[in-house]
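As a plain string of letters, each chain reads:
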Amino acid sequence: MTAPKRVSRRPSLAAPSRSRRDVVVRPVLEDYDASLLDVVDHVLTKGVVVSGDLVIGVAQVDLVYLRVSAILCAADRILPYARPRKKRS
Amino acid sequence: VTLYLFAIVRRRPRAPLGSGIARRPLSAVLAGGARVIVEPAPAPVPTATTIRGHDRVVRRIARTASAVLPFRFGSVVADRAALRSLLDPLEEAIARALAEVDGCVQMTMRVYGERARAPRAPSLGKGPGARWLAARLAASRAPEIEPIVSETAPFVRRLRVERHDRGPLIASVYVLVPRAAVRGFRAALARGARGLSRVRVETTGPWPAYAFAELP
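Residues numbered from 1 in each chain as written. Chains lettered and ligands numbered in written order. Predicted model: local features only at pLDDT ≥ 70, side-chain atom pairs only at ≥ 80, totals over all residues. Heavy atoms only, no water.

## Concerning the pattern of salt bridges
Selection criterion: When a carboxyl oxygen of Asp or Glu lies within 4 Å of a side-chain nitrogen of Lys or Arg, that pair is called a salt bridge. Counting from the N terminus, the helices are DSSP H or I runs at least four residues long and the strands are E runs at least two residues long. When accessible area is computed with a 1.4 Å probe and restricted to protein chains, residues below 20% of their type maximum are described as buried, those above 50% as exposed, and intermediate ones as partly exposed.
In this structure the tally under the stated criterion is 13 salt bridges over all chains. Between Lys46(A) and Glu162(B) there is a salt bridge, and its shortest N-O distance comes to 3.3 Å. Residue Lys46(A) is found in the loop between α1 (36–45) and β2 (55–56), and its partner Glu162(B) is found in strand β7 (residues 158–163); the two belong to separate chains. Of the residues examined, Lys46(A) reaches a relative accessible area of 2% and is grouped as buried. Connected via shared salt-bridge partners are Asp38(A), Asp41(A), Lys46(A), Arg110(B), Arg160(B), Glu162(B) and Glu214(B).

## A look at the confidence of the model for chain A
Residues and elements named next belong to chain A. Just so we agree on the cut-off: Values of pLDDT, which run from 0 to 100, indicate the predictor's confidence residue by residue. The contact criterion used is simple: two residues touch if any of their non-hydrogen atoms lie within 4.5 Å.
Per-residue pLDDT for chain A has a mean of 50; in total, 18% of the residues score no lower than 70. Element-level pLDDT for chain A is lowest in strand β1 (residues 23–26), with a mean of 38, against a maximum mean of 84 in α1. Ignoring residues within four places in sequence, the model shows residues 1–33, a span with pLDDT below 50, making 75 contacts including any to other chains. Predicted confidence is poor over residues 62–89, with pLDDT under 50, and the contacts of this stretch with residues over four places away or in other chains come to 47 contacts.

## Considering the side chain of Arg160(B)
All names here are of chain B. Rules: Here a polar contact is recorded for every N or O atom pair within 3.5 Å, except that within protein the pair must consist of a potential hydrogen donor and a potential acceptor, and residues adjacent in sequence are included only if both atoms are side-chain atoms.
Following the sequence through the fold, Arg160 ends up in strand β7. Taking the relative accessible area as the measure of exposure, Arg160 reaches 17% and is therefore buried. Engagement of the side chain of Arg160 in a polar contact is seen with the side chain of Glu162, the distance being 2.9 Å.

What follows is the structure, given as structure tokens:
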């Protein structure tokens, strides 16, 4: 049996190294290629939070919140099998 | 079966809701004087796929409703009754939050580079309370991108700054922009960016208003 191939392409989640322009605007509401970091930051650390005994099932995520807020750059370590989305041509 | 929560909207969207992360049909539950878009499913394990899936569903909802308050990833309640007892007491806050984001999208700016020196606190006094206030004030500002903040101000309904103490990312700046003003915002952003020094700004968006979806 052959071992499954490791995913070698990792999404670039550290500070991007784009330097040609100071500002890069990416339209993302309709069809987007936001980095996984951006999606993680918005989806895991923002949004309506409901709390109380009636809420179940969020405990597992708390650890991720902590790490994301602490480092905000290494979601590829939190999510080891993350694959980058294909960019729009 | 538990309910996984995606977003709060004012009324049931007219377009079909489609399915959620677990590929089960979404429905709109009346709670807190609004409708909550839910999927009959457990909380998904947080992976790149499910996190993107949450965002994708919220975006789909945002295309059919002018005011959307996304839930944070992983929010699950036991049933409809639990959802109502959670949100019914927050009815006024929900209405206010929906009114604020109505017709708007969020643009997110990441500011990389050199931190500006902390500005001297204006005459707030010298006590611990004044120092705390001054620190709060400094933390809520992004002097590094002042040219952008002032250029884009006419297109921004609300601005929220989160400063980061360490690393090359010095601040995340979230702005609420009316959908019709996105083009104007972008042009103003480009103008403001010409006045930047020692920092670089990366902007993404439009996003659903994640950073403005907070209930007290």
